[in-house]
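# Survey of secondary and tertiary structure
Each chain, written out:
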Amino acid sequence: DSYMKALTLAKDKKLASLCAYMARQCDKKFQNYRAMSVFKKEAGKVPDHYPELLKQKGFDKDYYKELIEECATYNSFVAQLNK
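The structure displayed is predicted, hence computed values, not measured ones.

### As for the overall build of the protein chain
- Of the regular secondary structure elements, the protein chain holds four helices and zero strands.
- The N-to-C order of helical and strand elements in the protein chain reads α-α-α-α.
- Out of the 83 residues belonging to the protein chain, those deemed buried represent 23%.
- When the accessible surface of the protein chain is split by element, carbon and sulfur atoms take 56% of a total near 6400 Å².
- The positive charge centre, built from 16 side chains, and the negative charge centre, built from 11, are 5 Å apart in the protein chain.

### Some details on the nonpolar core
- Core analysis: the biggest nonpolar cluster contains 13 residues, and L7, A16, A20, Y50, L54 and Y64 have the highest contact counts within it.
- Element by element, the count of residues in this core is highest for helix 2 (residues 13-39), at five residues.

### As for helix 4 (residues 62-81)
- Look at helix 4: 29 Å from first C-alpha to last across 20 residues, which is about the 28 Å you get at 1.5 Å a residue.
- For helix 4, the complete set of buried residues consists of Y63, Y64 and L67. Here the buried residues of helix 4 occupy an arc of 105 degrees about the axis, which is enough to place them on one side. Seen from the open side of helix 4, the exposed residues pointing more than 90 degrees away from its buried face are E69, T73 and Q80.
- Among the structural elements, helix 2 and helix 3 (50-56) are those in contact with the buried residues of helix 4.

### A few points about the environment of Y21
- Tracing the backbone through its elements, the reader meets Y21 in helix 2.
- The exposure class of Y21 is buried, given its relative accessible area of 11%.
- Sequence separation of Y21 and P51 is 30 residues, and the distance between their C-alpha atoms is 9.0 Å.
- Ignoring anything within four residues of it in the chain, the contact list for Y21 reads Y64, L67, I68 and C71.

### Considering the pattern of salt bridges
- For the structure on display, the rule yields one salt bridge.
- Here D48 makes a salt bridge to R24, at a shortest N to O gap of 3.1 Å. Within this pair, whereas D48 is found in the loop between helix 2 and helix 3, its partner R24 is found in helix 2, the two being separated by 24 residues in sequence.

### Notes on the packing of helix 2 against helix 4
- Packing of helix 2 against helix 4 brings their axes to within 9 Å, and their N-to-C directions diverge by 55 degrees. Here helix 2 is positioned oblique relative to helix 4, judged by the angle of their axes. Like other packed secondary-structure pairs, helix 2 and helix 4 cross with a definite hand, here right-handed. For the pair formed by helix 2 and helix 4, the contact residues are K13, K14, S17, L18, A20, Y21 and R24 on the first element and Y63, Y64, L67, I68 and C71 on the second.

Definitions and cut-offs
- Residues numbered from 1 in each chain as written.
- Predicted model: local features only at pLDDT ≥ 70, side-chain atom pairs only at ≥ 80, totals over all residues.
- Heavy atoms only, no water.
- Helix = DSSP H or I, 4+ residues; strand = E, 2+ residues; numbered from the N terminus.
- Buried < 20%, exposed > 50% of the residue type's maximum accessible area, 1.4 Å probe, protein only.
- Areas by Shrake-Rupley, 256 points an atom, 1.4 Å probe, with all protein chains shown as cover.
- Lys, Arg positive; Asp, Glu negative; His and termini not counted.
- Charge placed at Lys NZ, Arg CZ, Asp CG, Glu CD.
- Core = buried A, V, L, I, M, F, W, Y, C linked by side-chain atoms within 4.5 Å.
- Expected span 1.5 Å × (residues − 1).
- Arc of directions from axis to C-beta.
- Contact = heavy atoms within 4.5 Å.
- Salt bridge = Lys/Arg side-chain N within 4 Å of Asp/Glu carboxyl O.
- Axes fitted to C-alpha atoms, helices over the stretch in contact; angles between N-to-C directions.
- Parallel < 35°, antiparallel > 145°, perpendicular 65-115°, else oblique.
- Left-handed = near helix turned anticlockwise from the far one by under 90°.

Here it is, written out as structure tokens:
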């Protein structure tokens, strides 16, 4: 809820994108938690409606995509270190 509130109030493109990304991460974690609690398996693909919310606010989705790619690169780097 806090990330969505911040996304709603954000006037800065980067802040709005970060809020959208974090809200999506929370959604994914919650969906997986619910699936594990009920079905004892992870949730499948969780829909990503946050780029559309950014578009509705008048922001492009470029920074959002860039943020996701950056996080994926970082996660890959950390995974390689932990091997």
